[in-house]
Amino acid sequence: MSKFNNNQNLPKNWQLSIKYVGNMEFKSPGLVNSLLLNHKDCKYNLKEIEQMEKIRVLENFKKNDKTKTESQSNLLPKQKNHPIPNSIKIESLINVPKHPAYPYFGLFATRNLKPDELITPYYGFVTTVEDSDDSSDYCLRLNCLAIDANTIGNLGRYVNDYRGILDKPNAEFREFINLDYNRVEMGIFVMKSKNAKSGIKKNTEICVSYGKSFWKTRNLYI
Ligand SMILES: C[S@@+](CC[C@H](N)C(=O)[O-])C[C@H]1O[C@@H](n2cnc3c(N)ncnc32)[C@H](O)[C@@H]1O
């Protein structure tokens, strides 16, 4: 067991060299202010806030999948941990040599996921964009902040890009408002669709698009 993950329930196939977190871990406490809806330093304007989906994340996950909340010590005051979702799992690709992310991991659905459903928030180590590591394969922008799940993260860090796996992405990164904290977060959502039959079927890999610029800097899929 690594020094990071003592006394914690970890998702199956979680790599022990990575610290599992059920919430964002801010480099300094003040950074959260730019995400807080009622804070003077909030970086989002009223129109942007109005347009974002508002979700009571803990309630949502407890209701859909009967997940339990874990406790953890090094969070900001009043932060609870997001439960490990039961609706997704990390799968090793060690026996899938044709998979473009072989021999590492991918994120898969353990039940049918509905169109537009929040699959998981994306958590990791949060810094300003200036302080972030450009070369990280796990780094996402959230306005003036960067969430890097390279060494600290949750299940979201295992989502692969669709290229070479699916014809098109079945999920997407999207900002939303987590009403548990009244703050903006980044989430992985099932693609929206008017067709109730779409969504993501059980045991399918969940794949987003990282965007062309991600691959351009890595000289792949260009
Ligand atoms: C956020 S990680 C995804 C999880 C990663 N597969 C793992 O096991 O940790 C991003 C990295 O996964 C790999 N990857 C993801 N999607 C890929 C794809 N479609 N083709 C090739 N490599 C991919 C690349 O190495 C990329 O830099």
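From a predicted model like this one, the values you see are computed outputs, not experimental measurements.

How each quantity is defined
- Residues numbered from 1 in each chain as written.
- Predicted model: local features only at pLDDT ≥ 70, side-chain atom pairs only at ≥ 80, totals over all residues.
- Heavy atoms only, no water.
- Salt bridge = Lys/Arg side-chain N within 4 Å of Asp/Glu carboxyl O.
- Helix = DSSP H or I, 4+ residues; strand = E, 2+ residues; numbered from the N terminus.
- Buried < 20%, exposed > 50% of the residue type's maximum accessible area, 1.4 Å probe, protein only.
- pLDDT = per-residue confidence, 0-100.
- Contact = heavy atoms within 4.5 Å.
- Arc of directions from axis to C-beta.

### Looking at the pattern of salt bridges
- Counted according to the given criterion, the structure contains 11 salt bridges.
- Arg-174 is the partner of Glu-53 in a salt bridge, and the nearest nitrogen-oxygen pair spans 3.4 Å. Residue Glu-53 is found in the loop between helix H1 (46-51) and strand E3 (54-55), and its partner Arg-174 is found in strand E11 (residues 171-178); the two are separated by 121 residues along the sequence.
- For Glu-53, a relative accessible area of 31% gives the class partly exposed.

### Some thoughts on the confidence of the model for the chain
- The predicted model of the chain has a mean per-residue pLDDT of 91, with 90% of residues at 70 or higher.
- Low pLDDT, under 50, characterises residues 71-77; the predicted model gives this stretch 16 contacts beyond four residues in sequence or across chains.
- Scoring the predicted complex yields pTM 0.93 and, for the interface, ipTM 0.99.

### Quick word on helix H2 (residues 57-65)
- Looking only at H2, the buried set comprises Val-57, Leu-58, Phe-61 and Asp-65. Down the axis, H2 shows its buried residues gathered within 100° of arc, on one side only. Of the exposed residues in H2, the ones pointing more than 90 degrees away from its buried face are Glu-59 and Lys-63.
- The elements touched by buried residues of H2 are E3, strand E6 (118-121) and E11.

### Some words on the side chain of Ser-136
- Inspection of the secondary structure assignment puts Ser-136 in the loop between strand E7 (124-128) and strand E8 (139-142).
- Look past the residues within four positions of Ser-136 in its chain and what remains in contact with it is Asp-148, Asn-150 and Arg-218.

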